[in-house]
Amino acid sequence: MALPLLPGASRDRNIGKEKFHKSQHWGYCNNVAMLVGEDKPGIGGEPLPGQKLKPKYSVFPEGIGSDAPAWVAFDKQVLSFDAYFEEEVPDQNQELYRIRHCKIYFYLEDDTIQVIEPQVKNSGITQGTIVRRHRIPLPPPYENQFYTIDHFNINIEVILYARKYKIIDCDQFTKHFLRKMGVRLNPPADRPDDPYTKERQKILDNMKPLRPYERIDTLKQFLEHDGHVLRFFCVWDDPKSMFHDPRELVLHYYLSDDTIDLKEIIPVNSGRDAVPLFLRRDKLPKYAPSELYQPGAITSRTVLNVFGKLGNRDRYILDNRKTGAVHQEFYRDSDLKVGAVINVWGRKIILCDCDEFTKEYYRTKYGIEDFTPVPYKTPSPPKPKIPFPPYTGFGSEEDSLCSCMGLLPKPPQKDFKKFMEKDRSGMQSNILRFLAKLTTDSPVDKDRKFIISYFLSDDTISVFEHTQQNTGIRGGKFLERGRIKKPGQELFKSEPSEYFKAQNLFVGARVCFHGHNFLLVDADEYTFNYMEKHANEFCMADIGVILKKLKDIAKPRSQEIRQVFAATDPEHTKVIEYDPFRSLIVDIADGAFSEHEIITLGRYYSVRDEYEIDLQFLLAVAQERLKKNSFENFEQLSAVLVYNDREKCGVLPHEMCRTVCKSFKLPLADDDLQALLTMFEDEHKQVEYKKFVDGLNWRENQIPAFQTIKVPLKNEGDGSGQPPFLPVKRIKYLPLLDDLFGKEE
């Protein structure tokens, strides 16, 4: 028994207490900051009177499962239960209670519950959401707690706001989730039926007549052939027309419902009115027109009068055998074929042709292979050729020709597709450059050198003269860029003139530009590579054509040619110089080969020396370009490369380093960047990116400029942007002889 609270009669209850703090009412629930004061204890951590503290963790030990908050781990995961409840119906004799089925949804992310009743047709009850989604407290005396997943199972009852719900089943996801939570599921319960609903259904079933209605199923045909249409091209020779001209029609047969429509093709200026359809879409009877039927004679079902005319009472039953039905025959797909004549309401129409889909359909279904069209169109008269007047000399020929094409002159159309394909793109200039000289006896013009540039994008040519000292000739632009006509053509004529093409220019060719005769003596490396790459367009650079041509000439003298080549190589090195090789080919071909063909042959069998570009030289040139473009983002570049190195091994693939450098817009040409990355590769073809960035850093590791450049980094002479190749010096003649005459035994 406690002592009365009197001075000196009661002991101090705080004796021995060390904690007198007040609990913090703000905390975290599911890793979300919120007010959680109702779950906090009193002063000193002691529970308040009547308060039951919740455990900090669930029944599972700490550390099992994901650490993600519930609204992340269980996002869009809902448990679905099938349930029902009984509702009393007062003051009605037909029913005393109702069974109302519903769905209980438990949202795992926040332990909220929602109850929804499915809509029932003609129920007269407001249905849908019964309990909106929120946390529902437990029934008294535990109203301070809420429903959790532990309160749900199959074949149990739950009370939600004084209404008792019986859970009878759940879906597969819910069963699987509860089993993983360690809940032993009860067997499903039976779903009871509402007595009034059953009685009402019996009344409705008795109202339906038990008659043997015939089922006509057209859904399968519609689903299989919806959108499939057979098209025939027809002709109708109208005997009543004034001029007896045939009228062209297009017949469409719809496979989805076996209907047909006809559309007339009205020619221009025919004098006929344009109508949408010649025959609207419907089933087409074979023997029409026929006598008119009374209303109701053509029906899908027929009936029989059992009593006939006996008495005033009638009794009708369904005619299953259709003894009194009117049978009509309609055109089907099997009746339509090329060459057939069909009756379209008294008009004889001939099916003359069909499209490819129709041919494939009849070929697959009926095995018909003969689709010979019936000629129904009179051959159109030949279109008279329009004579064009001769060229007047004003403007270009194409512009003058366009003024003769119509009343409103239009500018000539350019080949835009060719321009987009052959225009300069990156390092590809698409310009063929040749070195040329004048073919003249004048000692002043004999030594003049010209650069002839052919632009593949628009077939234009420009000529530039190389400036030479002490010649008395200024040099520079010799011929403005433009298309050049071939010589020997009449100026004022109706036919278009012929212009120089890329195939007319090759080493050794003689061309005449506006009265100046040029001899093409050389070309740059890009031109040789382009012509060899597109050998199907340039026969002078096609090694296959050249070898076949040389084989036909040299095959009768194969032994002699082998001896001549062996005599040219007295030391048996299997390699000869280019000049004696050229002399031998000229002697063998006897002038049948052009200079370009000989160069192509020499390039194919040449010995190419391997030239290594010095690393320090590459870094010096790269640093100079970075310095000119004020590029200083080396720390960011290194950080991105380190970030992409997931294994922290100090190396990255070649392509990944190139992609990162491109993303930083490194002001280096692509071939220079590729060469630099190759220099820093290890034995596994991986780039050491730290050394690569340190080599480019001109702020900290500046490399002094070279006084003498051993190998130029760029080929400034051509527009290809590729490193230059040295001219052909030595030729491997044994592979050439083997390709011509076969290997010698």
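What you see is a predicted model; the values in this text were computed from it and never measured.

J.: How should a nonpolar patch on the surface be read in this particular structure?
T.: On the surface, a cluster of nonpolar side chains totalling about 330 Å² of accessible area is made up of Val32, Met34, Trp71 and Val72. Elements supplying a minimum of two residues to the nonpolar patch: β2 (32-35) and α1 (70-73). Looking at where Met34 falls in the secondary structure, it is placed in strand β2. Residue class for Met34 comes out partly exposed when judged on its relative accessible area of 33%.

J.: I would appreciate a short explanation of the nonpolar core in the present structure.
T.: Considering soluble globular proteins, one finds that nonpolar side chains tend to be buried as a cluster. Residues Phe513, Phe518, Phe565, Phe581 and Leu601 are the most contacted members of the largest nonpolar core, which totals 54 residues. If sequence neighbours within four positions are ignored, Phe513 has contacts with Ile452, Ile461, Val463, Leu479, Ile484, Phe500, Leu505 and Phe518.

J.: How should the packing of helix α14 (residues 634-644) against helix α15 (residues 654-663) be read in this particular structure?
T.: Geometry of a packed helix pair, given as the angle between the helix axes and the separation of the axes. Across the interface, α14 lies against α15 with an axial gap of 10 Å and an inter-helix angle of 145°. Taken as a pair, α14 and α15 cross one another with a handedness that is right-handed. Within the contact between the two elements, α14 uses Leu637, Val640, Leu641 and Asn644 and α15 uses Met656, Cys657 and Val660. Tallied by class, the residues present in the contact of α14 with α15 amount to 6 nonpolar, 1 polar and no charged.

J.: So what exactly am I meant to see when it comes to the sheet that holds strand β7 (residues 156-160) here?
T.: Sheet strands line up and pair through hydrogen bonds in the backbone, either parallel or antiparallel. Spatially, the 6 strands line up as an open sheet ordered β6-β5-β4-β3-β8-β7, and their pairing is antiparallel. Each of the sheet's edge strands pairs with one partner strand only, and the pair in question is β6 (128-134) and β7. The average angle at which neighbouring strand axes cross in this sheet is 30°, direction not considered. In this sheet, strand β5 (residues 112-117) lies alongside strand β4 (residues 97-107) in antiparallel orientation, the contact comprising 5 bridges. The residue of β5 that forms the bridge with Ile104 is Val115.

J.: What should I look at first to understand the sheet that holds strand β18 (residues 449-455) in this one?
T.: The strand order across the open sheet formed by 6 strands is β20-β19-β18-β17-β22-β21, and the pairing between neighbours is antiparallel. One side of each edge strand has no neighbouring strand; the edge strands of this open sheet are β20 (476-482) and β21 (510-513). Strand-to-strand, the axes of this sheet are offset by a mean angle of 30°, without reference to chain direction. Summarising the sheet, strand β17 (residues 431-438) and strand β22 (residues 516-523) pair through 5 bridges and their orientation is antiparallel. Following the sheet pairing, Leu438 is matched in β22 by Phe518.

J.: Sorry if this is basic, but what is going on with the pairing of β7 here?
T.: Side chains on a regular strand alternate between the two faces of the sheet. Both β7 and strand β8 (residues 163-170) contribute to a ladder of 5 bridges, which runs antiparallel. When the sheet's bridge partners are listed, Ile159 is paired in β8 with Lys164.

J.: Can you help me understand the side chain of Thr174 in this one?
T.: Positionally, Thr174 belongs in helix α2 (residues 172-180). Under the relative-accessibility criterion, Thr174 is labelled buried at 0%. A distance of 3.0 Å separates the side chain of Thr174 from the backbone nitrogen of Ser80, its partner in a polar contact. Apart from residues lying up to four places away in sequence, Thr174 is in contact with Leu79, Ser80 and Phe81.

J.: I tried to follow the packing of aromatic side chains on my own but got confused; where do I start?
T.: Each aromatic ring pair is characterised by the separation of its centres together with the angle its planes make. Summed over all chains, the structure comprises 23 aromatic pairs. Where Phe81 meets Phe152, the ring centres are 5.3 Å apart and the plane angle is 20°; that geometry is what we call stacked. Residue Phe81 is found in strand β3 (residues 78-88), and its partner Phe152 is found in the loop between β6 and β7; the two are separated by 71 residues along the sequence. Residues Phe81 and Phe152 agree in their burial class; the two are buried. Pairing Tyr530 with Phe538 gives two aromatic rings, centres 6.2 Å apart and planes at 70°, and the pair type is edge-to-face. Accessibility classification places Tyr530 together with Phe538 in one group, the buried group.

J.: Before we go on, may I ask you to explain helix α10 (residues 558-568) in this structure?
T.: Note that an α-helix has 3.6 residues per turn; residues three or four places apart therefore point the same way. For α10, the complete set of buried residues consists of Ile561, Arg562 and Phe565. Each buried residue of α10 lies within a common arc of 105° when the element is viewed along its axis, so the set occupies one face. Turned more than 90 degrees away from the buried face of α10, the exposed residues are Gln563 and Ala567. The inward-facing, buried residues of α10 contact α9 (543-554), β23 (575-577), α11 (578-589) and α18 (733-741).

J.: Help me out: how do you make sense of the environment of Pro390 in this one?
T.: When you line up the elements, Pro390 lands in the loop between α5 (356-365) and α6 (397-402). Along the backbone, Pro390 and Leu491 are 101 residues apart, and their C-alpha atoms lie at a distance of 9.0 Å. When near neighbours in sequence (up to four residues on either side) are disregarded, Pro390 contacts Phe492, Lys493 and Ser494.

J.: Please explain the pairing of β3 as it appears in this structure.
T.: One ladder, built from 11 bridges, connects β3 with β4; its direction is antiparallel. Within β4, the position partnered with Ser80 by the bridge is Tyr105. As defined by bridge partners, β3 adjoins β8 across 4 bridges and the pair is classed as antiparallel. Residue pairing across strands places Asp82 opposite Asp169, the latter belonging to β8.

J.: Looking at this structure, how should I read the state of the cysteines?
T.: Using the criterion set out here, one finds 0 disulfides in the structure. Cys661 carries a free sulfur, and the closest cysteine sulfur to it, the one in Cys657, is 6.6 Å from it.

Criteria and thresholds
Numbering of residues begins from 1 in every chain and follows the order in which that chain's sequence is written. This being a predicted model, a pLDDT of at least 70 is required before a residue's local features are given, and a value of 80 or more before pairs of side-chain atoms are given or counted; all residues contribute to the totals for chains, interfaces and linings. Only heavy atoms go into the side-chain values, all of them from the structure, while hydrogens and water stay out. Only residues whose relative accessible area exceeds 30% and that form no salt bridge are eligible for patches; like-charged ones are grouped when within 9 Å, while nonpolar side chains (Val, Leu, Ile, Met, Phe, Trp, Tyr) are grouped when within 5 Å. Reported accessibility uses the Shrake-Rupley method at a 1.4 Å probe radius. Residues are deemed covered only where the shown protein chains occlude them. Each reported salt bridge corresponds to a side-chain nitrogen of Lys or Arg within 4 Å of a carboxyl oxygen of Asp or Glu. Secondary structure counts use DSSP, requiring at least four H or I residues in a row for a helix and at least two E residues in a row for a strand, with both numbered from the N terminus. Only protein chains enter the accessibility calculation, which uses a 1.4 Å probe. A residue is then buried if its area is under 20% of the maximum for its type, exposed if over 50%, and partly exposed in between. In this text, buried Ala, Val, Leu, Ile, Met, Phe, Trp, Tyr and Cys residues form a nonpolar core when linked through side-chain atoms within 4.5 Å. Contact criterion: two residues are considered in contact whenever any of their non-hydrogen atoms come within 4.5 Å of each other. In this analysis, axes come from line fits to C-alpha atoms, helices being fitted only over the stretch in contact, and the angle between any two N-to-C directions falls in the range 0 to 180 degrees. Each crossing gets its hand from how the near helix is turned against the far one by less than a right angle, where anticlockwise is left-handed and clockwise is right-handed. Under the convention adopted here, Pro, Cys and the residues Ala, Val, Leu, Ile, Met, Phe, Trp and Tyr are nonpolar, Asp, Glu, Lys and Arg are charged, and Gly plus all remaining residues are polar. When DSSP locates at least two bridges between a pair of strands, those strands are taken to pair. Nitrogen and oxygen atoms within 3.5 Å of one another constitute a polar contact, given that in protein one can donate a hydrogen and the other can accept it, and given that sequence-neighbouring residues count only through two side-chain atoms. The criterion for an aromatic pair is that two Phe, Tyr or Trp rings (for Trp, the six-membered ring) have centres within 6.5 Å, with stacked assigned to planes under 30 degrees apart, edge-to-face to planes over 60 apart and tilted to the rest. What the arc measures is the spread of directions leading from the helix axis to the C-beta atoms. Here, a disulfide means two cysteine sulfur atoms that sit within 2.5 Å of each other.

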